Amino acid sequence: MSGPGYHGPSGGATFVDVMLVLAVLSVVLAVLYPRWRAGVLDERVDTVVGRVDQLVQAAEETRSASGTWPPTASEEILLPSTVASQGDDEEVEAVIEWRRMESVEVPSPPSADAEPEQETIPPAPAFFHRGVVSVHTTDETLLGALARRFAGSFVHDTVWTLLLPRIPASPD
Amino acid sequence: MTPVDTSSPEERDRLVAEALADSEARDQRYRPPSEPPKDDRWKGLLSLVLFVCAGVVGFAPPGWLATEPPPTVPDAARAVGARATVYLQAREIEAFRHRHQRLPDELSELPGALPGVRFVRSNDRVYQLVARGPDGRAVVFDSTEPRPEPSARTAALLRAVDES
């Protein structure tokens, strides 16, 4: 242990070596983290979209078979949580609901030009049923992704709603 | 141990000089180098550059590296959603009125009651529907209007759905 160049025991990492490793890791993290979050969000959106598509398909089959939309029903969906503020084991819940909403069209009353002697039977109101799919979730990004994915949908508060075409209501 | 002769001043001076030389040799053996090795200097500079790059990529990534921002619902779209919700609920209440010749006591009586809408019944024939818009302002439908009319964008939405 002697010699002009010797200046103490060697081996181990210096502070600069540790900082260099941390710097490389921070660059890798900055590049990969947004992609990882986007991928996980896509997975959660795909889960909900899959359930919505199944629900719409089942409703369409019921409509084809019975001539009317099925009655109201609901189901809970558990989605994996990826937000840093929530624990890895905690799941974000979304509730998907099917509704059959009714509307009525009341024909206009007969015009004043009609002859008063004629007895006019007031036309009966026409009822319509419209299928509505709703997803309740507090996840704003999920709401935005659903609104972007489906045309004919809108968001109100924490609910995303998809409207299906209205059809004449079958007589009860 | 060999006894040291310290009788004469010369001998004592020689011993002191030897002790100082030995101490100096030990110091030189363990003294850190006066200048950092050249390796540490470029590593430090590279670390600094990489940290700056990480900050730029994290907070202001270039176009080829940026990911699509998470989707959000703009306030204008939320306003349309609030009006569409109120309109659809009003239409259903009118259908209920025609079927049962009365107003519902609560929205829960309706098979397709939408959430986020408050039903205020003034009397047996008059009611209001209140929903909260994106800016906190209320979207109100009053049944004293002869027929619930959708806004232009709501009408376009319903038309697009019904014609699909």
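What counts, and where the lines are drawn
Residues numbered from 1 in each chain as written. Chains lettered and ligands numbered in written order. Predicted model: local features only at pLDDT ≥ 70, side-chain atom pairs only at ≥ 80, totals over all residues. Heavy atoms only, no water. Helix = DSSP H or I, 4+ residues; strand = E, 2+ residues; numbered from the N terminus. Buried < 20%, exposed > 50% of the residue type's maximum accessible area, 1.4 Å probe, protein only. Contact = heavy atoms within 4.5 Å. Axes fitted to C-alpha atoms, helices over the stretch in contact; angles between N-to-C directions. Parallel < 35°, antiparallel > 145°, perpendicular 65-115°, else oblique. Left-handed = near helix turned anticlockwise from the far one by under 90°. Nonpolar A, V, L, I, M, F, W, Y, C, P; charged D, E, K, R; others polar. Buried area = accessible area lost by both parts, 1.4 Å probe. Salt bridge = Lys/Arg side-chain N within 4 Å of Asp/Glu carboxyl O. Polar contact = N/O pair within 3.5 Å; in protein donor to acceptor, adjacent residues only side chain to side chain. 1 Å grid on protein atoms, 1.4 Å probe; cavity = no way out; pocket = protein on both sides within 12 Å on 5 of 7 lines; lining within 4 Å. Points joined across faces, edges and corners; volume = space filled by probe spheres on them. Phe/Tyr/Trp six-rings, centres within 6.5 Å; stacked < 30°, edge-to-face > 60°. Lys NZ or Arg CZ within 6 Å of the ring centre and 35° of its normal. Pairing = 2+ DSSP bridges.

Engineer: Tell me about the overall build of chain B, residues and numbers included.
Structural biologist: Across its full length, chain B holds four helices and three strands. In sequence order, chain B lays out its α and β elements as α-α-α-β-β-β-α. Residues counted as buried form 31% of the 164 residues belonging to chain B. Taking the contacts inside chain B whose residues are at least 6 apart along the sequence as the reference set, 39% of them involve residues at least 24 apart.

Engineer: Quick one: what's the story with the environment of A:Pro168, residue by residue and with numbers?
Structural biologist: Residue and element names in this part refer to chain A. Within the secondary structure, Pro-168 sits in strand β5 (residues 159-168). Here the alpha-carbon distance between Pro-168 and Met-19, two residues 149 residues apart in the chain, equals 71 Å. Beyond its immediate sequence surroundings of up to four residues, Pro-168 is in contact with Gly-67, Phe-127 and Phe-128.

Engineer: Tell me about the packing of helix α1 (residues 15-66) of chain A against helix α2 (residues 140-149) of chain A, residues and numbers included.
Structural biologist: All names here are of chain A. Packing of α1 against α2 leaves a shortest axis separation of 10 Å and a crossing angle of 60°. Looking at the two axes, α1 sits oblique to α2. You can see that α1 and α2 cross each other, and the crossing is right-handed. Side by side, α1 and α2 meet where Leu-41, Arg-44, Val-45, Asp-46, Val-48 and Val-49 of the first sit next to Thr-141, Leu-142, Ala-145, Leu-146 and Arg-149 of the second. Among the residues making up the contact of α1 with α2, the classes are represented as seven nonpolar, one polar and three charged.

Engineer: Account for the interface of chain B and chain A, with residues named and values stated.
Structural biologist: Opposite the 52 residues of chain B that make contact, chain A presents 52 residues. On the chain B side of the contact with chain A, B:Pro71, B:Arg78 and B:Arg99 bury the most area, a combined 15% of that side's loss. Counting every contact that joins chain B to chain A gives six salt bridges. In this assembly, chain B and chain A are joined by 11 residue pairs in polar contact (both at pLDDT 80 or more).

Engineer: Could you give an account of the environment of B:Glu24, with specific residues and numbers?
Structural biologist: Within the secondary structure, B:Glu24 is located in helix α1 (residues 9-30). Separated by 75 residues in sequence, B:Glu24 and B:Arg99 have C-alpha atoms that sit 109 Å apart.

Engineer: Which residues make up the side chain of B:Arg91, and what values do they have?
Structural biologist: Within the secondary structure layout, B:Arg91 lies in helix α3 (residues 75-100). Here the side chain of B:Arg91 touches A:Val104 through a polar contact of 2.9 Å, landing on its backbone oxygen.

Engineer: A description of the pattern of salt bridges should follow, citing residues and the corresponding values.
Structural biologist: This model, assessed by the stated rule, comprises 18 salt bridges over all chains. Two residues, B:Arg26 and B:Asp22, come together in a salt bridge whose shortest N-O distance is 3.0 Å. Residue B:Arg26 and its partner B:Asp22 are both found in helix α1; the two are separated by four residues, about one turn of the helix. Relative accessible area serves as the criterion here: at 41%, B:Asp22 is assigned to the partly exposed category. Salt bridges sharing partners connect three or more residues here, namely A:Glu105, A:Arg166 and B:Arg91.

Engineer: Lay out empty space enclosed by the protein in plain terms, naming residues and giving numbers.
Structural biologist: Summed over all chains, the structure comprises one cavity of 30 Å³ or more. If you add up the space inside the largest cavity, you get close to 40 Å³. If you trace the largest cavity, you find it lined by A:Phe154, A:His156, A:Val159, A:Thr161, B:Thr85, B:Leu114 and B:Pro115. For the lining of the largest cavity, the secondary structure elements donating two or more residues are β4 (153-156) and β5 of chain A. Of the residues assigned to the lining of the largest cavity, the class counts are four nonpolar, three polar and no charged.

Engineer: Account for the packing of aromatic side chains, with residues named and values stated.
Structural biologist: By the definition in use, this model includes five aromatic pairs over all chains. Members of the aromatic cluster, connected to one another through ring pairs, are B:Phe119, B:Tyr127 and B:Phe141. Positioned over the ring face of A:Phe128 is A:Arg166, at 4.1 Å from the centre of the ring. When the ring centre of A:Phe127 is taken as reference, the NZ or CZ atom of B:Arg99 above it lies at 4.1 Å.

Engineer: Describe unusual backbone geometry, listing the residues and the values that go with them.
Structural biologist: Outside of glycine, negative phi angles account for most residues, and trans bonds account for most peptide bonds. With a phi angle near 60°, A:Asp157 is a residue other than glycine that sits in the positive phi range. Checked against the element boundaries, A:Asp157 lands in the loop between β4 and β5.

Engineer: Hey, could you go over the sheet that holds strand β2 (residues 127-132) of chain B for me, with residue numbers and the actual values?
Structural biologist: All names here are of chain B. The strand order β1-β2-β3 describes an open sheet built from three strands, whose pairing is antiparallel. Each edge of the open sheet is held by one strand with a lone partner, namely β1 (117-121) and β3 (138-142). Strand-to-strand, the axes of this sheet are offset by a mean angle of 20°, without reference to chain direction. Bridging between β1 and β2 involves five bridges; their strand directions are antiparallel. Its bridge partner being in β2, Arg-118 is matched across the sheet by Val-130. Those strands touched by α3 are β1, β2 and β3, and its axis lies near 155° from that of β2.

Engineer: Provide a residue-level description of the pairing of β3(B), including the pertinent values.
Structural biologist: All names here are of chain B. With burial as the criterion, only one face of β3 is covered, namely that bearing Val-139 and Phe-141; the residues Ala-138, Val-140 and Asp-142 on the opposite face remain uncovered. Bridge count for β2 against β3 is five bridges, and the pairing is antiparallel. Note that in β3 the partner of Val-130 across the bridge is Val-140. Linkage of β2 to β3, two consecutive antiparallel strands, is achieved through a turn of five residues, within which Gly-136 is found at a positive phi near 85°.

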